Amino acid sequence: MGHPAKGKSGQKPMKLAVLLSGGKDSLYSCWQAMKTDEVVCFITIQSQNTESYMFHTPNISLTRLQAEAADIPLIEWQTTGEKEAELDDLTQAIHFAVETYGVEGIVTGAIQSVYQAARVQRICAKQCLWCFNPIWLCNQEQYMHDLINTGFEAIIAGVFSAPFDETWLGKTIDQSFISCLLKIKDKYCISLTGEGGEYESFVCDAPFFSKKIHISSAKTDYHNHNGRYLIENAELVRK
């Protein structure tokens, strides 16, 4: 899915917008795109539907802190989250990015979701934009280790299936977390990256952040293998 970045072939770097969910996959993909091209803005879609097929919802308003930490402009766009209709809102947000920042391509954190990747690609094709999916069909175990080893700090912001219970909420994604997942992934048929919707994450620090996010208070909302880690207060602090 997607195309190689122009910067890789020695051509002029492209101006890219990253679809920012606040989670590890979108920010890791941003970091990969920055190696060859110029990320000129983030786009965050704030969905009113917590069951959105397309968009991450836990702590979505805190992408503002991530954008500030990365010193990258953020476009925030609202959607009711109605299936398929929410794509019209994404289309409008991307068009605004093109008009405002001269965006030439869109970066996503898609790994296996054909549903999401194909829809973003269709929107990009209609607007004559390139679509980049840097971690598409990656080796998930290798990716998770690389995420940690390169300085990303992320926590679990939501769990949505067995065997994940309330104790996983707020947990740091580290080597012990990966070890736990490797022990249960076959029994429960789960994705190591949470790409199957098993869990969602929130990034507190990344290699390209000038500051990191410190969470001072949060609460959990959990019922029957479905829960969220709701960050109530957070601020940027020195690294």
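Being a predicted model, the structure only gives us computed values, none of them experimental.

## Digging into unusual backbone geometry
The bulk of non-glycine residues show a negative phi, and the bulk of peptide bonds are trans.
Link 1 in the chain: A cis amide bond links Ala162 with the next residue in sequence, Pro163, at an omega value of 5 degrees.
Link 2 in the chain: Mapped onto the elements, Pro163 comes out in the loop between strand S6 (153-159) and helix H6 (175-188).
Link 3 in the chain: We note that Cys189 has phi near 55 degrees; this positive angle belongs to a residue other than glycine.
Link 4 in the chain: One can find Cys189 in the loop between H6 and strand S7 (199-205).
Link 5 in the chain: Its relative accessible area of 68% is what places Cys189 among the exposed residues.

## Structural notes on the sheet that holds strand S8 (residues 211-223)
Strands belonging to one sheet form pairs held by backbone hydrogen bonds; the direction of such a pair is parallel or antiparallel.
Link 1 in the chain: Strand order across the open sheet formed by four strands is S7-S6-S9-S8, with antiparallel pairing between neighbours. Looking at which strands have only one partner, the edges of the open sheet turn out to be S7 and S8. Each strand of the sheet is rotated relative to its neighbour by a mean of 25 degrees, with strand direction disregarded.
Link 2 in the chain: This element, helix H2 (residues 63-70), spans S7, S8 and strand S9 (226-238) of the sheet and lies at about 35 degrees to S9.

## A word on the packing of helix H5 (residues 140-149) against H6
Packed helix pairs are specified by the crossing angle of their axes together with the interaxial distance, meaning the distance between the axes.
Link 1 in the chain: Remark: H5 packs on H6, axes separated minimally by 10 Å, with the N-to-C direction vectors making an angle of 165 degrees. As far as their axial angle goes, H6 and H5 are roughly antiparallel. Relative to H6, H5 is oriented so that their crossing is right-handed. Mapping the contact onto sequence places Glu141, Met144, His145, Ile148 and Asn149 in H5 and Gln175, Phe177, Ile178 and Leu182 in H6.
Link 2 in the chain: Within the contact of H5 with H6, the residues separate by chemical class into five nonpolar, three polar and one charged.

## Some remarks on the packing of aromatic side chains
Link 1 in the chain: As enumerated under the stated definition, the model contains 10 aromatic pairs in all.
Link 2 in the chain: Here Phe164 and Trp168 contribute two aromatic rings whose centre-to-centre distance is 4.8 Å and whose plane-to-plane angle is 80 degrees, an arrangement assigned as edge-to-face.
Link 3 in the chain: On the basis of relative accessibility, which here comes to 1%, the residue Phe164 falls in the buried class.
Link 4 in the chain: Trp168 sits in the buried class, given a relative accessible area of 10%.

The rules behind each value
- Residues numbered from 1 in each chain as written.
- Predicted model: local features only at pLDDT ≥ 70, side-chain atom pairs only at ≥ 80, totals over all residues.
- Heavy atoms only, no water.
- Helix = DSSP H or I, 4+ residues; strand = E, 2+ residues; numbered from the N terminus.
- Buried < 20%, exposed > 50% of the residue type's maximum accessible area, 1.4 Å probe, protein only.
- Pairing = 2+ DSSP bridges.
- Axes fitted to C-alpha atoms, helices over the stretch in contact; angles between N-to-C directions.
- Contact = heavy atoms within 4.5 Å.
- Parallel < 35°, antiparallel > 145°, perpendicular 65-115°, else oblique.
- Left-handed = near helix turned anticlockwise from the far one by under 90°.
- Nonpolar A, V, L, I, M, F, W, Y, C, P; charged D, E, K, R; others polar.
- Phe/Tyr/Trp six-rings, centres within 6.5 Å; stacked < 30°, edge-to-face > 60°.

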